[in-house]
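# Residue-level structural notes
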Amino acid sequence: MGFAQKLFKKRTGTSVGARARTLLTSVEHMDALIDSGIVDAFDGAIVDTILSGSSRDEMNNAFVAYLSMAARCGHLCVRWSENTFLPSPSSLVRQKNEHDADLEQQIIEFVAQVESGHSSLKEGICAGPSDDCSAPIVRCCRRNGDVDYYLRRYWKLERTLLDRLEALSRETPSVAVDVEFVVNEEKFQKSFLPEQAQAVVSALRRGLTVVTGGPGTGKSYTAASFLRWFRQALVVKNRTTPVQVALAAPTGKAAANLQNALGAVTVDANVEVERAKTLHSLLGIRRDGTRARNAPQLEADVIIVDECSMVDATMMLHLLTAVKSGARLVLLGDSDQLPPVEVGSLFADFVDMLERRHEAENLVRLRTCVRAELQGILHVGSAVNSGDANGLIRLLEEDSEGISWMEAGDEEAAAQVVKRAVVEYRAIEGDDPSQRHLAYSRYRVLSPMRRGPLGAEALNAAIGEQLYKEAVEVGATTFIAPVMATANDHRLHIHNGEGGLLIKKVAGRWDGLVIAADDELLFLCHENEGEWRRFPAAVLPRTELAYCMSVHKSQGSEFRHVVLLVPEGAAVFGREVIYTGVTRAKRQLDIVSSKQALINTLARSSRRLSGLGRSLAK
């Protein structure tokens, strides 16, 4: 008896024989999927919108629900390849109880219905790609026999991205520079590794340059060097206005890092470099995530965007559309990091696309780490990237300098993590905010989870409570803690993910982040380096303790000593979450995890599916 039939019997009291099965409607089938937790109510609404009347049966229900589930998980499409679907339908189902035999059977039936449903979609519901395609589902057949299915919105998004990227990659920059002068300069030849020099020359010559590389490979150094040589090689004859340079990143914290890296570049009257902004600010993105259709293109002649692995498909489209003809666009990032929170893995897709070409002039991959202290950490990152669980465990068991592994289950590990963190944070003393901020950046606990014993919420509460109790015991009058903004405040110029300090009066027992009238929050001033801005804490309620950060929020940051937690359940984020956490460490990396949790997480990838990497493989 199928799970929808069981639901029918439960609701009607009728035995599920042949007659009862004919009464079971496709609507009840969808209700059964939702009631069991296999399908979200949102997916059910998408099914109701797309399917109607005779086109709706159990198999079509399941397939459209699966397509919606994949889109919610960030995939632009799903792929039918070698008689199976990618991503696996079962991987999208968040099973609450792994030992629920009935639910396991329901999932098996759901997967079977998904795999049958795609071939029975009617022409009005599913159609091939065309300029006037109005079907809600688009089917793209690939040369190797695979078939990609899209919700029409994402097919149009991908196609527009592809067209715009193609156009930019063929653009000839309108601002002339003397490239031969640069490449023949002896100083230039001695200043770089060959791959860094290649990136600088590419950005001088071409309208689009994509630079990807891991930590310590010199992405920021290469971008700053490009600006210096661009200024020297600029052909100023007949120019009446200075060249405009824009710097941007997806978050305020990443923009501040980019400003620190490139802000010291010497310019002159011929080149104006704007202060680094978030992409939202640069592009004029409204609060609902949209950009006005008639919004003007950017005036900048050179645009450098950092941390591009964090840029989702919609934001990337806004960016590519805003670049004027003849401008230079330089995209920097690490294509192996976690994908953005929203849809797509666009930066990784772009890297794949350009590598598939016979001549990847627009792509430079920086492979050489120039920081000796990172070598051991990079070896760990390499094993993670390749999904080599045995290699990773072997490296961790060697207990090399700068690398340690505490093998423990979640409950046992949580107590040890809190104990060690309290020791580290207790040693931070003094009232000077700059010194405090610097000290906190030397040690950080990272977790992929928000909840659970090794989740950021529980660990922050436990560490904060213990340190506060100690402050009470020694008679301290103030308690200082690291915090992070969890939302943008455009009025106060504070960005989501930006770190600050909580100055809290010591009074009574620990109450977490319950704010008292005289508590204060401090955030660095972006205009004047080294200065701090003070706000009544009640003005900024959307902050959280940052003794432990989520791995996602840590992107764009580095810490001297990282304690990376890989708890049970981290596998849903794939090996990219381990790689991203590992590469936040500058000197010391401690991994806290059971062996099985590491194996499970390395076995999966969070890379999102799209047709972008395949569309240019002609």
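As the structure is a prediction and not an experimental result, all values here were calculated from the model. (Residues numbered from 1 in each chain as written. Predicted model: local features only at pLDDT ≥ 70, side-chain atom pairs only at ≥ 80, totals over all residues. Heavy atoms only, no water.)

## Observations regarding the sheet that holds strand E16 (residues 499-505)
Heads up, the condition is: Being paired, for any two strands, means DSSP has found at least two bridges between them. Here a strand is any run of E in DSSP of at least two residues, a helix any run of H or I of at least four, and the numbering for each starts at the N terminus. Lines fitted to C-alpha atoms define the axes, with helix axes restricted to the stretch in contact, and inter-axis angles between N-to-C directions lie between 0 and 180 degrees. Two residues qualify as a contact provided that any one of their heavy atoms is within 4.5 Å of a heavy atom in the partner residue.
Pairing is antiparallel in the open sheet, where five strands are placed in the order E18-E17-E16-E15-E19. Every interior strand has two partners, whereas the edge strands, strand E18 (532-536) and strand E19 (543-545), have only one. On average, each strand axis in the sheet is tilted by 35° relative to the strand beside it, whichever way the strands run. On top of the sheet, helix H20 (residues 456-473) reaches strand E15 (478-485), E16 and E19; it is set at about 160° to E15, its chief contact.

## Topic: the packing of aromatic side chains
Under the convention used in this document: Side-chain rings of Phe, Tyr and Trp (the six-membered ring for Trp) are treated as a pair once their centres are within 6.5 Å; stacked means planes under 30 degrees apart, edge-to-face means over 60, and tilted covers the remaining angles. Buried means the residue's accessible area, taken with a 1.4 Å probe over protein chains only, is under 20% of the maximum for its type, while exposed means over 50%, and partly exposed covers the values in between.
Scanning the entire structure with this criterion turns up 14 aromatic pairs. Summarising the aromatic geometry, the rings of Phe226 and Phe230 are spaced 5.8 Å apart at their centres and angled 50° between planes, so their arrangement reads as tilted. Placement of both Phe226 and Phe230 in helix H11 (residues 219-233) is noted, with a separation of four residues, approximately one turn of the helix. Under the relative-accessibility criterion, Phe226 is labelled buried at 3%. A centroid spacing of 5.9 Å and a plane angle of 50° characterise the contact between Tyr425 and Tyr440, whose relative ring orientation is tilted.

## As for the pairing of strand E17 (residues 520-524)
Residues in a regular strand point their side chains to alternate faces of the sheet. When E16 meets E17, the two strands line up antiparallel, connected through four bridges. Across the sheet, Leu502 pairs through a bridge with Leu521, a residue of E17. The sheet contact formed by E17 and E18 spans five bridges and is antiparallel. In the sheet register, Leu524 faces E18, and the bridge partner there is Trp532.

## Describing unusual backbone geometry
The linkage connecting Leu86 with the following residue, Pro87, adopts the cis geometry, with an omega of -5°. Looking at the secondary structure, you find Pro87 in the loop between strand E2 (84-86) and helix H6 (101-117). Located in the positive-phi region is Glu82, a residue other than glycine, with phi close to 55°. Following the sequence through the fold, Glu82 ends up in the loop between strand E1 (78-81) and E2. Taking relative accessible area as the criterion, Glu82 reaches 76% and is therefore assigned exposed. Of note in the backbone geometry, Glu307 takes a positive phi value of approximately 55° without being a glycine.

## As for helix H19 (residues 433-440)
This is how the line gets drawn: Our arc is simply the arc of the directions from the helix axis toward the C-beta atoms. Any pair of nitrogen or oxygen atoms within 3.5 Å is treated as a polar contact; in protein, a donor-acceptor pairing is required on top of that, and neighbouring residues in sequence qualify only through side-chain atoms on both sides.
Every buried residue of H19 is listed here: Pro433, Arg436, Ala439 and Tyr440. For H19, the arc enclosing every buried residue in end-on projection is 130°, short of the 170-degree limit, so these residues lie on one face. Where H19 is buried, its residues contact helix H18 (410-426), strand E14 (443-447), E15, E16, E17 and E18. The residue sitting at the N-terminus of H19 and contributing the capping side-chain oxygen is Asp432; that oxygen lies 3.3 Å from the backbone nitrogen of Ser434.

## Structural notes on the packing of helix H17 (residues 389-397) against helix H23 (residues 595-602)
Quick reminder of the rule: Oblique is the label for any angle not under 35 degrees, not over 145, and not in the 65 to 115 range, which are roughly parallel, roughly antiparallel and roughly perpendicular in turn. When the near helix sits turned anticlockwise from the far one by under a right angle, the crossing is termed left-handed; a clockwise turn instead gives a right-handed crossing. The residue classification treats Ala, Val, Leu, Ile, Met, Phe, Trp, Tyr, Cys and Pro as nonpolar and Asp, Glu, Lys and Arg as charged. All others, Gly included, are polar.
Where H17 contacts H23, the two axes come as close as 10 Å, and the packing angle between them is 140°. As summarised for this structure, H17 and H23 are arranged oblique, according to the angle between their axes. Regarding H17 and H23, the two cross each other, and that crossing is right-handed. The residues of H23 that touch H17, namely those facing Ala389, Leu392, Ile393, Leu396 and Glu397, are Lys595, Leu598, Ile599 and Leu602. Classifying every residue of the contact of H17 with H23 by side-chain character gives seven nonpolar, no polar and two charged.

## A look at the pattern of salt bridges
To keep things clear, this is the line we draw: In what follows, salt bridge is the name for a side-chain nitrogen of Lys or Arg lying within 4 Å of a carboxyl oxygen of Asp or Glu.
Across all of its chains, the model carries 20 salt bridges by this definition. Among the salt bridges present, the one from Asp43 reaches Arg72, with a minimum N-O distance of 2.7 Å. Residue Asp43 is found in helix H4 (residues 41-50), and its partner Arg72 is found in helix H5 (residues 58-72); the two are separated by 29 residues along the sequence. Judged by relative accessible area, Asp43 falls into the buried class, the value being 0%. Notably, a salt bridge pairs Glu465 with Lys469, separated by 3.7 Å at the nearest N-O pair. Of this pair, Glu465 and Lys469 both sit in helix H20, four residues apart, roughly one helical turn. If you follow the salt bridges from partner to partner, you end up with Arg450, Arg451, Glu457 and Glu544 in one network.

## A few points about the confidence of the model for the chain
As a general rule, the predicted coordinates of low-pLDDT regions are not to be interpreted in detail. Definition in use: Residue-level confidence of the predictor is summarised by pLDDT, bounded by 0 at the bottom and 100 at the top.
Confidence in the prediction of the chain, expressed as mean pLDDT, is 84, and 88% of residues score 70 or more. Of the regions scoring below 50 in pLDDT, residues 1-5 engages in 16 contacts with residues more than four places distant in sequence or in other chains. Segment residues 14-24: pLDDT under 50, and 16 contacts once partners within four positions in sequence are set aside and those in other chains are kept.

## Brief notes about the environment of Val201
By the element assignment, Val201 lies in helix H10 (residues 194-205). Judged by its relative accessible area of 12%, Val201 falls in the buried class. Here the alpha-carbon distance between Val201 and Trp229, two residues 28 residues apart in the chain, equals 9.3 Å.

## Some words on the sheet that holds strand E3 (residues 126-127)
The strand order across the open sheet built from five strands is E2-E1-E5-E4-E3, with neighbouring strands paired in mixed fashion. Of all strands in the sheet, those bounded by a partner on one side alone are E2 and E3. Against the sheet, helix H7 (residues 152-170) contacts strand E4 (137-141) and strand E5 (147-151), and its axis sits at roughly 105° relative to E5.

## Quick look at the side chain of Ser202
Relative to the elements of secondary structure, Ser202 occurs in helix H10. Once residues within four sequence positions are removed from consideration, Ser202 is found in contact with Thr209, Glu361, Asn362 and Val364.

## A word on the environment of Ala537
Along the polypeptide, Ala537 turns up in the loop between E18 and E19. A residue is classified by how much of its surface remains accessible, and Ala537, at 1% relative accessible area, is buried. Between the C-alpha atom of Ala537 and that of Glu520, which follows or precedes it by 17 residues, the distance is 4.5 Å.

## Describing H5
Note the threshold: Expected helix span is given by 1.5 Å per residue-to-residue step, counting one fewer step than there are residues.
Helix length check: H5, at 15 residues, gives a terminal C-alpha distance of 21 Å against a target of 21 Å (1.5 Å per residue), a fit within 8%. Those residues of H5 that fall on the buried side of the exposure criterion are Asn60, Asn61, Ala62, Phe63, Val64, Ala65, Tyr66, Leu67, Ser68, Met69, Ala70 and Ala71. Where H5 begins, the side chain of Asp57 points an oxygen toward the backbone nitrogen of Met59, at a separation of 3.1 Å. Where H5 ends, the next residue or the one after it, Gly74, has phi of about 100°, a positive value.

## Points about the environment of Ala421
Along the polypeptide, Ala421 turns up in helix H18. A relative accessible area of 0% places Ala421 in the buried class. In this structure, the C-alpha to C-alpha distance between Ala421 and Val563, residues 142 residues apart in sequence, is 9.1 Å.

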